[in-house]
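# Structural overview
The residues making up each chain are set out below.
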Amino acid sequence: MGKVRVELPGGKSVEVDRGALVREVAARAGIDGDIVAAKLDGAAVDLSRAIERDCALEWIRLDSEDGIDILRHSTAHLMAQAVQSLYPGTQVTIGPTIEHGFYYDFKRDKPFSPEELEKIEARMHEIAGKDLKVTREEMPRSAAIDIFRRMGEDYKVEILKDIPEETVSLYRQGDWVDLCRGPHVPSTGVIKAFKLTGVAGAYWRGDEKNEMLQRIYGTSWPTESALKDYLKLLEEAKNRDHRRLGKELDLFSFHPVAPASPFFHPKGAAVYNGLITYMRRLYARYGYQEVITPQIFDVELWHRSGHYDHFRDSMYFSRIEDREFGVKPMNCPGHTYIYASKKRSYRDLPLRYADFGRLHRYEKSGVTAGLTRVRSFSQDDAHIFCAPDQIEAEMTTLLKMLREVYRTFEFNEMQVKLSTRPEKYLGSLDVWAHAEDALAQSLKREGIEYKLNPGDGAFYGPKIDFEVFDALRRGWQLATIQLDFQMPERFGLMYVAPDGAEHRPVMIHRALLGSIERFMGILIEHCAGAFPLWLAPVQVKILTVTDAQKDYARGVHEELIAAGWRAELDERNEKLGYKIREAQLEKVPYALVIGDREVKESTVAPRRRGGENLKAAPVKEFMEMLRTEVAQATHERPA
RNA sequence: GCUGGCGUAGCUCAACGGCAGAGCAGCUGAUUUGUAAUCAGCAGGUUGUAGGUUCAAAUCCUAUCGCCAGCUCCA
C-alpha cells in the first residue's frame, strides 16, 4: 500500500495511506466534528471519499456557505425519503437548494395538503433521529438507468438519459436511494433545524406544456437558533410588505371592480406625484422634453410596430364605428409620430422625449401582485432618437443618470442583466450583434458588473435590465435600457446628415424608475414606509398640547403650507403622548409639539420620526433645516 | 393561465351544523392633558357572490369573483 501526500489548510501537510478516507485525514489533523464535507483540489467531496493521489484538502464547515448548501441539499433528500416512505408510488424528480432553503418536486396525483406536510416533517425528524449513514456509490449510467427503471422512477430515468457522463453517483440512506452528484452530510443526524414552508404546483422542467408536479419548499439551518432567526426575519418581512403598509398608511387600495389596478388615495398620490416631480427635475438637467400622447390608437399602428403580433393577447381592444382600436401598452410608437411630424436634421439629435402616459397591459390573473405587477400603470418612460455614432455618449449619460437616481433612493443592491436576442425577433443578425456589443461595451466602460441573460431581449432589440429586491428577496426589474433599430425602420424615421443624405436614427427606450407603481411598491418595502422627508405624504405634523395653543398652531400650519410643505395639524383634544404615537405610526418625518412654552417664545419643538427631540426653534429656522435636508437627499441646491 | 391555500364589522381576528362576537378604528360625552395608547357610552354584518344539501349553514357541497404562495409569462 502506497502513501499519498495531502496538503491541508494553513500550509501543513500530512502523509496518509493511499485510499484513506477524508474523514480519517480530518481526524488526524485534529479537526472537530462540525465539518460536513471537504474540497479535494477544489472540488467538493464527501467525508467518506477515499484519497487516491497527492492532493490538497480544504474543510467545509457546517456553518459555512458551502456547508449550509450541502446541508440543505441533504435535507431535500431527507424530505424525499420521508415522502416516499409515507406515500408509496410517489415519484421523485429534482430537489435543488435555493436561497434560504430547498425544494423537491414529486410526481403524485394528489397534491400535498398542509396536514400531510406536518406528517412529512414529523417523519423527517424520525429518520434524522435514526442518524442513518449517507453513502455514495458510483456506477455506469446504464446500470443506474436499470435501477431507477425497476423502481418505476420514470423521471429519474429521463434525467439520466440526458446526463453526458458515463459514470454517475447514487446516494443511499437506509433503504432509500437517489441519483445525485453530491456531496452530502455524512449521516441524517446532522440535519436538525428545518421546516417545510409550503406546497406549490410546478411544471416538469419548467415548461407550461409539461405535466404539473407537486413541489414542497423547505428551509434548513445548522442550528435551531439560526432557523428561529430566519423565521423571525420572514415575520419581519411581512411587516414591510408594501400591500400591508399601503393599507396601514392609507396610500392605496384595490377593489375587485378593477383587478390588479391600484386606487391611489391622497397620500399615495402625493408619493406617486413626488416621484414624477423628481424625475421632471432630472429631465430638466439631462436635456429631456416631456410629451403627451394618445391613449388609444388604431390597430394599424400596433400591426406596424410589431406589438400586435407579439403581444395582442395582453392588449386591450375596443371597436368603435367599425374601426378597431388598441389601448397603448407602450408609448414608443406614439413618439415616432412626433419625431416624424417634420423633417429632422442631425442638428436636432439627440431628441429625448419623456412620457408619463398611462399604459394598460393585460397580465394573466395568477401573476398580478400588489403594486409590483399591475394591469394599469405609468412609467418614467423616454425615447431617445439619436444618430448611430451618438449611442455611446447617450449610454454613458444614461448610466450616470441611473446611478444618481438609485443613489437618491439608497438602493445599493442591484443586479444588472444584459439580455440578448430572443427566439422571436425582428431585424437582421448583424444589426443585433452590433447592438448587443454596444450595450456590453458601455457597461464595461462604466465598470458595471452584469450577468448575461441570453435570449431574454425585447423583440426589437437587446436590453439592459436593472433588478432590485423586495422585502421577501424576490427580484423585480425596475430600470431598463433598450436599444432599438427596428422601430425607426418600421415607422420610416429619417434625419438629414451633414452629407445632405437621409439616414436612419436609432431609438433608445429607457425607464429609470420603470413602472412608477412597481417602483413605489419596492420603495415602500425598502424604507419600510418611512419615506424620506422630500417624498413623505405628510412631511410635518403639528401637535398641540392643549386647546390653549390652537390659534398659534393654526398660524404655524398656515406658514408651513404657504411655504409649500405638506403639513397637517392635530388639534384634537387628546393627550400629547397619544398624538405623538399616531404621528409616529404614520411615519411622519417631523412632529412639531406646541405647548404654552412654544407659544410664549414663538417657537416650535420638533421631534424626529424615531424619537429624537430637537431644540425648539422659530418656524422659519425649522423650515430652513427642512430645506437643507431635502436638498441633500435629492442632490439639489436648496431653493 | 396552471397547482394549492384563504375570503366573517373600516382593520386584526374569534365562533367551525344550533342566538354572528372581541380588540382597535369610527361616532357621542366627560377629561385640557409636554414626547408611543385617558375614561364611559353608542353604533357598526344578506359571513365575497350565486346555487345546492339540511328542521337548521359563516360552518358541508358546487360554481363564480377576488386575494395570497409557487409555477409559467412579463414589450
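Residues numbered from 1 in each chain as written. Chains lettered and ligands numbered in written order. Predicted model: local features only at pLDDT ≥ 70, side-chain atom pairs only at ≥ 80, totals over all residues. Heavy atoms only, no water.

## Looking at the overall build of chain A
- Within chain A, the regular secondary structure consists of 19 helices and 35 strands.
- Structurally, chain A occupies a C-alpha span of about 90 × 75 × 55 Å along its principal axes.
- Within chain A, buried positions represent 49% of all 639 residues.
- Counting only contacts in chain A whose residues sit at least 6 apart along the sequence, the fraction spanning at least 24 positions is 69%. (Helix = DSSP H or I, 4+ residues; strand = E, 2+ residues; numbered from the N terminus. Buried < 20%, exposed > 50% of the residue type's maximum accessible area, 1.4 Å probe, protein only. Contact = heavy atoms within 4.5 Å.)

## Notes on the protein's contact with RNA strand B
- For RNA strand B, the set of nearby residues contains 55 residues, the closest of which are Y203, M330, S365, N573 and R581.
- Counted by atom, the contact set of RNA strand B within 4 Å of the protein is 47% sugar and phosphate.
- Contact between RNA strand B and E208: a sugar or linking oxygen at 2.8 Å from a side-chain N or O atom of the residue.
- R597 is positioned such that a nitrogen or oxygen atom in its backbone is 2.9 Å from a base oxygen of RNA strand B.
- At the level of elements, β14 (193-203), β15 (212-221), α7 (242-248), α10 (307-311), α17 (576-585), α18 (596-601) and β35 (605-608) are the ones that each hand at least two residues to the surface near RNA strand B.
- For the surface near RNA strand B, the element with the most residues is α17, which contributes seven residues.
- Taken together, the residues of the surface near RNA strand B sort by class into 22 nonpolar, 16 polar and 17 charged. (Near = heavy atom within 4 Å. Polar contact = N/O pair within 3.5 Å; in protein donor to acceptor, adjacent residues only side chain to side chain. Nonpolar A, V, L, I, M, F, W, Y, C, P; charged D, E, K, R; others polar.)

## Side note on α17
- For α17, the full list of buried residues reads K579, I580 and A583. Looking straight down α17, one finds its buried side chains confined to an arc of 100°; they lie on one side. The exposed set on the far side of α17, more than 90 degrees from its buried face, consists of G577, R581 and L585. (Arc of directions from axis to C-beta.)

## Looking at the domain arrangement of chain A
- Looking at the assigned domains, one finds that chain A contains domain 1 (3-61), domain 2 (66-234), domain 3 (276-291 + 336-519) and domain 4 (540-634).
- Computed over C-alpha atoms only, the centres of domain 1 and domain 3 are separated by 52 Å. (Domains from an automatic or database assignment.)

## Examining the pattern of salt bridges
- Applying the stated rule across the entire model yields 42 salt bridges.
- Here D380 ties to R510 by a salt bridge, and the two come within 4.0 Å at their closest N and O atoms. On the criterion of sequence distance, the pair formed by D380 in strand β24 (residues 376-386) and R510 in strand β31 (residues 506-515) is long-range, its members being 130 residues apart.
- Using a relative accessible area of 0% as the deciding quantity, one classes D380 as buried.
- According to the relative accessible area criterion, R510 is buried, its value standing at 1%.
- Of the charged contacts, one joins R474 and D470 as a salt bridge, the two residues approaching to 3.0 Å between their closest N and O atoms.
- Residue D470 is classed as buried on the basis of its relative accessible area of 7%.
- Put simply, R108, K110 and E116 are held in one network by salt bridges that share partners. (Salt bridge = Lys/Arg side-chain N within 4 Å of Asp/Glu carboxyl O.)

## Focus: the nonpolar core
- Among the nonpolar cores identified, the biggest contains 79 residues, and M279, F409 and L560 are the most heavily contacted of them.
- No fewer than three residues from each of domain 3 (276-291 + 336-519) and domain 4 (540-634) sit in this core.
- Counting residues in hydrophobic clusters, the runner-up holds 31 residues, among them I70, A80, F102 and M124. (Core = buried A, V, L, I, M, F, W, Y, C linked by side-chain atoms within 4.5 Å.)

## As for the sheet that holds strand β7 (residues 55-61)
- Strand order in the open sheet formed by five strands is β2-β1-β7-β4-β5, and the pairing between neighbours is mixed. Two strands in the sheet have a free side with no partner beyond their single neighbour: β2 (13-17) and β5 (43-45). Neighbour-to-neighbour, the strand axes of the sheet open up by a mean angle of 35°, direction not taken into account.
- The pairing of strand β1 (residues 3-7) with β7 spans two bridges and is classified as parallel. Opposite V6, over in β7, you have C55 as the bridge partner. (Pairing = 2+ DSSP bridges. Axes fitted to C-alpha atoms, helices over the stretch in contact; angles between N-to-C directions.)

## Things to note about the sheet that holds strand β13 (residues 176-179)
- On the basis of which strands lie adjacent, the open sheet formed by three strands has the order β11-β12-β13 and antiparallel pairing. Two strands lie at the open edges of the sheet, namely β11 (134-140) and β13, each paired on one side alone. Taken pair by pair, the neighbouring strands of this sheet meet at an average axis angle of 30°, ignoring direction.
- Bridge count between strand β12 (residues 167-173) and β13: four bridges; the pairing is antiparallel. Pairing of Y171 across the sheet is with D178, part of β13.
- Relative to the sheet, helix α4 (residues 141-151) contacts β11, β12 and β13, its axis offset from that of β11 by approximately 115°.

## Concerning the layout of surface pockets
- One number sums up the size of the largest pocket: a volume of about 1,600 Å³.
- In terms of lining residues, the largest pocket is bounded by 47 residues, among which F311, R361, E363, R373 and K463 are the most central.
- Of all the secondary structure elements, the ones that give two or more residues to the lining of the largest pocket are α10, β24, β27 (463-469), β28 (475-484) and β31.
- If one sorts the elements of the lining of the largest pocket by residue count, β28 sits on top with six residues.
- A breakdown of the residues in the lining of the largest pocket according to their chemical character gives 16 nonpolar, 14 polar and 17 charged.
- The volume enclosed by the second largest pocket comes to roughly 700 Å³.
- Surrounding the second largest pocket, 27 residues form its lining, H100, L234, A471, L472 and R473 being those nearest its centre.
- Those elements that provide at least two residues to the lining of the second largest pocket are β15, α6 (224-240), β27 and α15 (516-526).
- In terms of residues, the lining of the second largest pocket owes the most to one element, α6, which gives six residues.
- Tallied by class, the residues present in the lining of the second largest pocket amount to 12 nonpolar, seven polar and eight charged.
- Among the domains, domain 2 (66-234) and domain 3 (276-291 + 336-519) are the pair contributing at least three residues each to the lining of the second largest pocket. (1 Å grid on protein atoms, 1.4 Å probe; cavity = no way out; pocket = protein on both sides within 12 Å on 5 of 7 lines; lining within 4 Å. Points joined across faces, edges and corners; volume = space filled by probe spheres on them.)

## Concerning the pairing of β27
- Most of β27 sits inside the fold, with six of its seven residues counted as buried.
- Bridge analysis of strand β25 (residues 415-419) against β27 gives five bridges, and the strand direction is antiparallel. Bridging across to β27, K417 finds its partner in D465.
- Relative to β28, β27 is paired through six bridges, and the arrangement is antiparallel. Paired with F469 across the bridge in β28 is G475.

## Focus: the packing of aromatic side chains
- Scanning the entire structure with this criterion turns up 28 aromatic pairs.
- Where F252 meets F264, the ring centres are 6.1 Å apart and the plane angle is 65°; that geometry is what we call edge-to-face. On the criterion of sequence distance, the pair formed by F252 in strand β16 (residues 252-253) and F264 in strand β17 (residues 263-264) is long-range, its members being 12 residues apart.
- Its relative accessible area of 4% is what places F252 among the buried residues.
- Relative accessible area serves as the criterion here: at 22%, F264 is assigned to the partly exposed category.
- Here the aromatic rings of Y308 and F317 are separated by 5.8 Å at their centres, their planes lie at 65°, and the arrangement is edge-to-face.
- Taking the relative accessible area as the measure of exposure, Y308 reaches 22% and is therefore partly exposed. (Phe/Tyr/Trp six-rings, centres within 6.5 Å; stacked < 30°, edge-to-face > 60°.)

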